[in-house]
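# Remarks on the overall topology
For reference, the chains in residue letters:
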Amino acid sequence: MSEIKDFWDKAHAEKSIVSLTGSPACLELEHLCIDPKSIIGKTVLVIGVGIGRSSKEYAESGAIVHALDISQIALDNVKDYTKECYLPEDELPENFFDYILSVNVSHHISRNDFEQQTKK
């Protein structure tokens, strides 16, 4: 796990345009068939923050944004517009989030880790 964490820490520290995604929030919601108005006032967990663009745009749209990422550097980059940030080893609140959004993340983790995370 530390090799993967080191990779993402480096990508976030360097703000790598090759490794990090920066989809606009409206495009992510469109692809997920979510009405953008439906997130207003809702608690949203963004898994894998990328460059932070969508997290910021969700917050600007009126969502209460929480973030989960493997990299503390990534979480530090979005702290100004997130209410709470979590690392994978942190305990997440149960039955708390209205939306959990994970775009371009699942292909970066093992099947076992993906199954454990979706159960959690």
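Residues numbered from 1 in each chain as written. Predicted model: local features only at pLDDT ≥ 70, side-chain atom pairs only at ≥ 80, totals over all residues. Heavy atoms only, no water.

### Here we look at the side chain of His66
We apply this condition: For helices the rule is a DSSP run of H or I covering at least 4 residues; for strands it is a run of E covering at least 2, with both sets numbered from the N terminus onward. Note on exposure labels: buried denotes an accessible area under 20% of the residue type's maximum, exposed denotes more than 50%, and partly exposed covers the range between, all computed with a 1.4 Å probe on protein chains only. The contact definition used throughout considers only heavy atoms, calling two residues in contact when any of these lie within 4.5 Å.
Among the secondary structure elements, His66 is positioned in strand 2 (residues 64–68). Among the residues examined, His66 registers a relative accessible area of 3% and is labelled buried. Those residues in contact with His66, other than ones at most four positions away along the chain, are Thr43, Val44, Leu45, Val46, Lys83, Glu84, Tyr86, Phe96 and Phe97.

### What to know about the pattern of salt bridges
In plain terms, the rule: The rule for a salt bridge is simple: a side-chain nitrogen of Lys or Arg has to be within 4 Å of a carboxyl oxygen of Asp or Glu.
Scanning the model with the defined rule gives three salt bridges in all. Across the pair Asp9 and Lys5 runs a salt bridge whose closest N-O atoms are separated by 2.6 Å. A residue pair is termed a helical-turn pair when its members lie 3 or 4 positions apart in one helix, as Asp9 and Lys5 do in helix 1 (residues 2–14) at four residues. A relative accessible area of 30% places Lys5 in the partly exposed class.

### Considering the packing of aromatic side chains
Basically, it comes down to this: Here the aromatic set is Phe, Tyr and Trp, taking the six-membered ring for Trp, and pairing holds for ring centres within 6.5 Å; pairs whose planes are under 30 degrees apart are stacked, those over 60 apart are edge-to-face, and all others are tilted.
Counting across every chain of the model gives three aromatic pairs. On the basis of an interplanar angle of 85° and a centroid distance of 4.9 Å, the ring pair of Phe7 and Trp8 is categorised as edge-to-face. Using a relative accessible area of 45% as the deciding quantity, one classes Phe7 as partly exposed. Ring centres of Phe96 and Phe97 lie 5.1 Å apart, and the angle between their planes is 85°; on these two criteria the pair is classed as edge-to-face. According to the relative accessible area criterion, Phe96 is partly exposed, its value standing at 39%. Here the aromatic residues Tyr86, Phe96 and Phe97 are joined through ring pairs into a cluster of three or more.

### Remarks on helix 3 (residues 53–60)
Our working definition: Arc definition: directions from the helix axis to the C-beta atoms.
For helix 3, the complete set of buried residues consists of Ser54, Ser55 and Tyr58. One side of helix 3 holds all its buried residues, which, seen down the axis, span an arc of 105°. Gly62 sits one or two positions beyond helix 3 and adopts a positive phi of about 105°.

### Description of the sheet that holds strand 3 (residues 84–86)
The cut-off we apply is this: Here, strands pair whenever DSSP counts at least two bridges between them. Every angle, taken between N-to-C directions, lies between 0 and 180 degrees, and every axis is a line fitted to C-alpha atoms, over only the stretch in contact when it is a helix.
Spatially, four strands are ordered 3-2-1-4 in an open sheet, and the strand pairing comes out parallel. One side of each edge strand has no neighbouring strand; the edge strands of this open sheet are strand 3 and strand 4 (99–102). Across this sheet, the average inter-strand angle for adjacent strands is 20°, counted without regard to direction.

### Some words on the side chain of Thr43
In this fold, Thr43 is placed in strand 1 (residues 43–47). The contact partners of Thr43, leaving out residues within four places of it in the chain, are Ile64, His66, Phe96, Phe97, Asp98 and Tyr99.

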